Amino acid sequence: MDKTSLEKFNIISKLDNVPRLSQPRLFGKRLKRKGLLIIIWHEFLVGVILFILLLHSISLNATDKINYADESSEDQISCADGALIVNDVTVLVPTDGNVKYNIAYSWGKDDRKYPTIPRSITASYRDDDDNILYDLTLYKDSFTPADKLKPGQNVSTWFRSWITGDEGKVKREQKDVGNIHGFLISTTGSSDEGEGSIYESSTYYFAVRTPDGITVYILEGNLYDRESQKAMQAAMKSAMESISIKEQAA
């Protein structure tokens with residue numbers, strides 16, 4: 001603010017019809033010119049910094065890739081004591097011990113602040129200090145409409161082309177459980193560095209026939225505590241054997 005502006009300001013501030021409370025606190029009657037310049041310079045620097053941060057944020061957001069959920073086929077996800085439920089699929093899980101259930105969400109195209117599309121349901125098993133020992137998760141992986149199915153493609157042949165075998169710490173195998181047709185991928189000896197590291201995982205893909213096509217679901221087990229390995233493996237095996245599909249009208 002130059003000298004002329006300061007003089008105008010001081011003249012206005014002396015008028016009786018100008019309320020004192022409407023004047024900015026920074027501009028007191030006894031404020032020196034030097035102090036005023038320091039304040040203006042400080043505000044200018046803050047403005048420049050905020051502008052740079054804004055540009056940086058815009059740049060980062062412009063390159064970020066967000067995988068939006070398909071809101072037109074939103075999944076119905078819920079849980080009960082000892083059950084994970086996604087649409088017409090129910091999986092039974094252990095109820096003993098300290099169990100907590102959690103629904104994870106994905107981003108919808110109209111979301112601005114928070115993801116709102118249900119994605120998965122998880123049962124996590126914890127110790128007395130609330131540390132996760134292992135967890136079991138159920139979610140939908142993909143859907144193929146009936147008119148996109150290849151000749152001879154059905155739930156019993158869905159995983160026939162998937163590669164099986166052992167690859168170091170990874171084992172891949174065709175795995176049918178009862179009338180459920182699936183494929184199991186197991187990993188062992190994962191990195192044990194850092195809190196929350198996964199020491200072992202089991203991912204079971206299984207195909208479900210619906211009137212509209214074929215949906216592939218995933219039942220996933222993750223081990224976070226080595227001492228709970230047997231408990232996690234038993235829970236995963238039991239959960240796979242418990243998979244049930246609610247019949248739909250054709």
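Thresholds, definitions, all that
Residues numbered from 1 in each chain as written. Predicted model: local features only at pLDDT ≥ 70, side-chain atom pairs only at ≥ 80, totals over all residues. Heavy atoms only, no water. Helix = DSSP H or I, 4+ residues; strand = E, 2+ residues; numbered from the N terminus. Buried < 20%, exposed > 50% of the residue type's maximum accessible area, 1.4 Å probe, protein only. Pairing = 2+ DSSP bridges. Salt bridge = Lys/Arg side-chain N within 4 Å of Asp/Glu carboxyl O. Axes fitted to C-alpha atoms, helices over the stretch in contact; angles between N-to-C directions. Contact = heavy atoms within 4.5 Å. Phe/Tyr/Trp six-rings, centres within 6.5 Å; stacked < 30°, edge-to-face > 60°. Lys NZ or Arg CZ within 6 Å of the ring centre and 35° of its normal. Core = buried A, V, L, I, M, F, W, Y, C linked by side-chain atoms within 4.5 Å.

### Thoughts on unusual backbone geometry
- Notably, asparagine 87 is not glycine yet its phi reads approximately 55°, a positive angle.
- As for its placement among the helices and strands, asparagine 87 is situated in the loop between strand S2 (83-86) and strand S3 (89-92).
- One non-glycine residue with positive phi stands out, namely aspartate 130, at about 70°.
- Within the fold, aspartate 130 resides in the loop between strand S5 (117-126) and strand S6 (132-145).

### Description of the pairing of strand S9 (residues 180-188)
- Here S9 lies mainly inside the structure; seven of its nine residues are buried.
- Alignment of strand S8 (residues 170-177) against S9, held across eight bridges, turns out to be antiparallel. For aspartate 176, the partnering residue across the bridge sits in S9 and is histidine 181.
- In this antiparallel pair of consecutive strands, S8 and S9, the connection spans two residues, and glycine 178 shows a positive phi of 65°.
- Relative to strand S10 (residues 200-210), S9 runs antiparallel, the two sharing eight bridges. Paired with serine 186 across the two strands is serine 202, which belongs to S10.

### Side note on the pattern of salt bridges
- Across all of its chains, the model carries five salt bridges by this definition.
- Residue arginine 126 is joined to aspartate 130 by a salt bridge in which the shortest nitrogen-to-oxygen separation is 3.7 Å.
- What makes aspartate 130 partly exposed here is its relative accessible area of 33%.
- Glutamate 241 is paired through a salt bridge with lysine 237; the nearest N and O atoms lie 2.7 Å apart. Placement of both glutamate 241 and lysine 237 in helix H3 (residues 229-241) is noted, with a separation of four residues, approximately one turn of the helix.
- Within this structure, Lys100, Arg126 and Asp130 form a network of salt bridges that share partners.

### So, the sheet that holds S6
- As summarised here, the arrangement of the eight strands in space is S4-S5-S6-S11-S10-S9-S8-S7, forming an open sheet in which the pairing is antiparallel. Each edge of the sheet is formed by a strand with only one pairing partner; in this case those strands are strand S4 (98-106) and strand S7 (165-167). Put simply, the sheet's adjacent strands are angled 20° from each other on average, direction ignored.
- Relative to the sheet, H3 contacts S6, S8, S9, S10 and strand S11 (213-223), its axis offset from that of S11 by approximately 165°.

### Quick look at the packing of aromatic side chains
- Counted under the stated rule, the structure contains seven aromatic pairs.
- Judged by centre distance (5.2 Å) and plane angle (70°), the rings of tryptophan 162 and tyrosine 205 are edge-to-face. One end of the pair, tryptophan 162, is in the loop between S6 and S7; the other, tyrosine 205, is in strand S10, with 43 residues separating them in the sequence.
- Put simply, the rings of Phe159, Trp162, Phe183 and Tyr205 touch in pairs and so form one group of aromatic residues.
- Arginine 226 extends its terminal NZ or CZ atom over the ring of tyrosine 199, reaching a point 4.5 Å from the ring centre.

### Some remarks on the sheet that holds S3
- With respect to topology, four strands assemble into an open sheet ordered S1-S2-S3-S12, the strand pairing being antiparallel. Since the sheet does not close on itself, it has two edges, and those belong to strand S1 (77-80) and strand S12 (244-245), each with one partner.
- Where S1 lies against S2, four bridges are found, and the strand directions are antiparallel. Counterpart to serine 78 in the pairing with S2 is isoleucine 85.

### Section: the nonpolar core
- Formed by 30 residues in total, the largest nonpolar core has its most connected members in Val89, Val91, Leu138, Tyr204, Phe206 and Leu219.
- Every element with two or more residues in this core is listed here: S2, S3, S5, S6, S9, S10, S11 and H3.
- For this core, the element with the most residues is H3, which contributes five residues.
- Setting aside chain neighbours within four positions, we find valine 91 in contact with Gly82, Ala83, Leu84, Leu138, Leu219, Ala239, Ser242 and Ile243.

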